[in-house]
Amino acid sequence: MPHVVLDTGFGRGERFATARGAERALHYIALLAELPPAQTIAAADLRAAWPTAVPGLHRIVLDDGRTTLDLLVGDVDAGIGELTARVDEFYVPAPLASPRALGKLATPDAQLTACDGNDAWRRALRAAGFSWPENAATPGWLHARYTSRKPQPPRRPPPVRTAIVIGAGVAGSAACERLCARGWDVTLIERHAEPATEASGNRAGIFMPLLSRDDNIPTRLTRAAYLYAMRHWQKLGGLAADGVPMLGAQCGVLQLARDGEHAALQREVVEQWRYPAEFVRWVDAAEASALLGAATPNGAWLFGQGGWANPASICRAMLAACGAGLRRIFHAEALRLERRDDAWHVVGADGVVIASAAHVIVANGAGALTLAPTAPLPLYTMRGQVTHVAQEQFAGPGLVVCREAYMTPAVNGIVSVGATYDKDDDRALRRASQAENLARAREILGEDRIPADVPLQGRVGLRCMAPDRLPLVGPLPDYAAPGQPERLRDVARHPGLHALLGYASRGLIWAPLAAELLACQLEDAPLPLEASLATALDPARFLLKERKRNPAGSVAIAPKP
Ligand SMILES: Cc1cc2nc3c(=O)[nH]c(=O)nc-3n(C[C@H](O)[C@H](O)[C@H](O)COP(=O)(O)OP(=O)(O)OC[C@H]3O[C@@H](n4cnc5c(N)ncnc54)[C@H](O)[C@@H]3O)c2cc1C
């Protein structure tokens, strides 16, 4: 396990640089109100990976994976309560509002170096479980240890590092990559001949975050996922126009305001949250029109780092990065999961066991609706049709444009315009869906830019959605277990069975962060997300809500037919 350090006064990263020099696996968590500018960071590799200055947890991986740096930007006291980690060493150079939270994170015998502060501060540290000799070795500083006898939650034994991942879309491919990077033996089961043939099979998906006036949970989650995904793709070699290793471009995304009122809100949000221009800029109607290449009346958000990517190429790159730890079983459909002898056995056609492992990760998109342990989840599908327009007919915008519809720049001669949201699951292309896409594009660009005679071309996929449109990441609840849970941690779970599901319309950005979150949960390692955000993704959230609302329903919920 890496040595875990928590630092509440990162400064310019001098202490981090010293800890990193100790040549042991290190997980360094720094809490800071604001990020110092990148140019003040001494180490060139860290400077190059320095995150965009927005609130939230930014994970940076250095030294070929030996060093992880988590920068949690925001209120420091609140941030400590948002960490899920077991800390071996603390640096606290200024008093905190409540050091109690430090004690909750400490491993037995954890070291603390803290300012000696006033009597109240020292009493609070003692109450939190830390103690130190009366004669301070360094004036102004306390060198303490966590000596509380209060039982800490026991550390879980290291996991058996074998897993089966069901589904080779972006969700499953990212899970394979994150687990293999940690030395797991992973078997990937996919019913088709190659990865990314269902929802992840679109030519070009767009990536961008959400923004809101109140910086709500979906906004914070999409921001974290968007920034993590771009950093992760960079680590894997980056997006490139020639598709090597991944096809895509950070060409910018222009999200046009729907009307004057929406434009005012867009502008207000950017001003209120003081986002750096590289993250988002509000552009007025004149600048938006210039970027769009057509007159648009209301201005827009410009996400300069956003863009489009080809999900299949991302899946292939993630699977290629797995190396020898990955076994691929394609053309095999998981029909049943059986638990015997502390292991899961995935059973296919004719009752044949396809593979066995300690853990199963269900990442099979719409397929989850029919697999027994995931069928009781309130997931549903939403059909989507993207229209493909040949570049000769419509050259496409120079960057991604979205409003009620989105348009990508031409990718290998094809502009993607989409996508519909339909309640059925018809996989055939429909003229009505195409007309809907093109009508929306014409509303954005003007009638004459897209000709009337576009042949019926495109792609249909089924999005796997949860009622709150957020993904399901983590251990799967056991719907058949009776009980009246009050909190998520009381919900009975299937041992060793986990979900990466419900990526809805944002699979590109959810996949890398969700896979990292699940891998950290499995390894009992510090989570890459604030606790309130990780909780919002817990697959048991629906069962908990249902049982609280309907105590009589504390018996098994029947799977969907
Ligand atoms: C029209 C449309 C447009 C979209 N546009 C965007 C966009 O612009 N940006 C964006 O980020 N997202 C977009 N999305 C959403 C995105 O495509 C999805 O969120 C993402 O692809 C989901 O990935 P996944 O791995 O969960 O599912 P999938 O890609 O569907 O992968 C699941 C895999 O599991 C396999 N499988 C299922 N059941 C079994 C089984 N029992 N045994 C073995 N294998 C099984 C399937 O064959 C499949 O390969 C769009 C979706 C659609 C439909």
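Above this text is the structure in question.
All values derive from a computational prediction rather than experimental measurement.

The next thing to look at is the overall build of the chain. Along the backbone of the chain there are 14 helices and 29 strands. On C-alpha atoms alone, the chain measures out to a radius of gyration of 25 Å, which is about the 24 Å that the 2.2 N^0.38 rule sets for 561 residues. Seen through its principal axes, the chain has C-alpha atoms that stretch 85 × 60 × 50 Å. For the chain, the proportion of its 561 residues judged to be buried stands at 56%. Excluding contacts between residues fewer than 6 apart, the proportion of contacts in the chain whose partners are at least 24 apart in sequence is 67%. Working note: accessible area of the chain is about 23600 Å², and carbon and sulfur atoms make up 53% of it.

Next up on the list: the site of the ligand. Every one of the 35 residues lining the ligand counts as a neighbour, but Glu190, Ser200, Ile206, Ala334 and Ala504 are closest to it. A distance of 3.4 Å separates a nitrogen atom of the ligand from a polar atom in the side chain of Asn364. Burial of the ligand by the surrounding chains reaches 96%, relative to a free accessible area of 1000 Å². Secondary structure elements with two or more residues in the shell around the ligand: helix H6 (170-181), strand S11 (205-207), strand S23 (380-390), strand S27 (458-465) and helix H12 (507-523). The class makeup of the residues in the shell around the ligand is 16 nonpolar, 13 polar and six charged.

With that settled, consider helix H9 (residues 285-292). If you check which residues of H9 are buried, you get Ala288, Ser289 and Leu292. What you see down the axis of H9 is that its buried residues fit within an arc of 100 degrees, all on one side. Along H9, the residues that are exposed and aim more than 90 degrees away from the buried face are Ala286 and Ala290. Looking at the buried positions of H9, the neighbouring elements they touch are strand S14 (253-256), strand S15 (281-283), strand S16 (300-303), strand S24 (400-402) and helix H11 (431-445). Positive phi shows up at Gly293, right after H9, with a value of about 80 degrees.

At their nearest, the axes of H6 and helix H10 (residues 311-320) sit 8 Å apart, and the two run at 20 degrees to each other. Viewed along their axes, H6 and H10 adopt a mutual orientation that is roughly parallel. The interaxial crossing formed by H6 with H10 has left-handed handedness. On H10, the residues that touch Val170, Ser173, Ala174, Cys176 and Glu177 of H6 are Pro311, Cys315, Met318 and Leu319. Tallied by class, the residues present in the contact of H6 with H10 amount to seven nonpolar, one polar and one charged.

Once that is clear, we can look at the side chain of Thr296. Along the chain, the position of Thr296 falls in the loop between H9 and S16. In this structure Thr296 comes out as buried when scored by relative accessible area, which is 7%.

Here we have three strands laid out as an open sheet, ordered S19-S20-S21, and antiparallel in their pairing. The strands lining the two open edges of the sheet, one partner per strand, are strand S19 (336-340) and strand S21 (353-357). Neighbouring strand axes in the sheet, compared pairwise and without regard to direction, differ in orientation by 25 degrees on average. Bridge count between strand S20 (residues 343-347) and S21: four bridges; the pairing is antiparallel. For His345, the partnering residue across the bridge sits in S21 and is Ser356.

Inspection of the secondary structure assignment puts Arg463 in strand S27. No salt bridge is formed by the buried Arg463; the nearest opposite charge belongs to Asp422, separated by 6.5 Å. When residues no more than four places from it in sequence are discounted, the contact partners of Arg463 are Tyr380, Thr381, Met382, Arg383, Gly384, Ala419, Thr420, Tyr421, Ala504 and Ser505.

Counting residues in each nonpolar core, the largest one holds 80 residues, and the members touching the most others are Ile361 and Leu500. The dominant element in this core, judged by the number of residues it contributes, is H12, at 12 residues. Every residue in contact with Leu500, bar those within four places of it in the chain, is listed here: Ala171, Ala175, Ile361, Val362, Ala363, Leu472, Val473, Ala514, Ala515 and Leu518. Grouped together as the second largest cluster of nonpolar side chains are 33 residues, Ile164, Ala334, Leu371 and Leu379 included.

Before going further, it helps to examine the pattern of salt bridges. All told, the structure shown has 35 salt bridges when counted by the stated rule. As a salt-bridge pair, Arg86 and Asp524 come within 3.7 Å of each other at their nearest N and O atoms. Residue Arg86 is found in the loop between helix H3 (76-81) and strand S5 (87-92), and its partner Asp524 is found in the loop between H12 and helix H13 (531-536); the two are separated by 438 residues along the sequence. Residue Arg213 is joined to Glu268 by a salt bridge in which the shortest nitrogen-to-oxygen separation is 2.9 Å. Of the two residues, Arg213 sits in the loop between S11 and helix H7 (217-235) while Glu268 sits in helix H8 (residues 260-273), which places them 55 residues apart along the sequence. For Arg213, a relative accessible area of 44% corresponds to the partly exposed category. The exposure class of Glu268 is partly exposed, given its relative accessible area of 35%. Within this structure, Arg59, Asp70, Glu177, Arg178, Arg182 and Glu516 form a network of salt bridges that share partners.

Residues Val253 and Gln255 line one face of S14 and the alternating positions Leu254 and Leu256 line the opposite face, and both faces are buried. As paired strands, S14 and S24 are joined by three bridges and run parallel to one another. Across the sheet, Gln255 pairs through a bridge with Cys402, a residue of S24.

Parameters and conventions
Residues numbered from 1 in each chain as written. Predicted model: local features only at pLDDT ≥ 70, side-chain atom pairs only at ≥ 80, totals over all residues. Heavy atoms only, no water. Helix = DSSP H or I, 4+ residues; strand = E, 2+ residues; numbered from the N terminus. Rg over C-alpha atoms; globule rule 2.2 N^0.38 Å. Buried < 20%, exposed > 50% of the residue type's maximum accessible area, 1.4 Å probe, protein only. Contact = heavy atoms within 4.5 Å. Areas by Shrake-Rupley, 256 points an atom, 1.4 Å probe, with all protein chains shown as cover. Near = heavy atom within 4 Å. Polar contact = N/O pair within 3.5 Å; in protein donor to acceptor, adjacent residues only side chain to side chain. Nonpolar A, V, L, I, M, F, W, Y, C, P; charged D, E, K, R; others polar. Arc of directions from axis to C-beta. Axes fitted to C-alpha atoms, helices over the stretch in contact; angles between N-to-C directions. Parallel < 35°, antiparallel > 145°, perpendicular 65-115°, else oblique. Left-handed = near helix turned anticlockwise from the far one by under 90°. Pairing = 2+ DSSP bridges. Lys, Arg positive; Asp, Glu negative; His and termini not counted. Salt bridge = Lys/Arg side-chain N within 4 Å of Asp/Glu carboxyl O. Core = buried A, V, L, I, M, F, W, Y, C linked by side-chain atoms within 4.5 Å.

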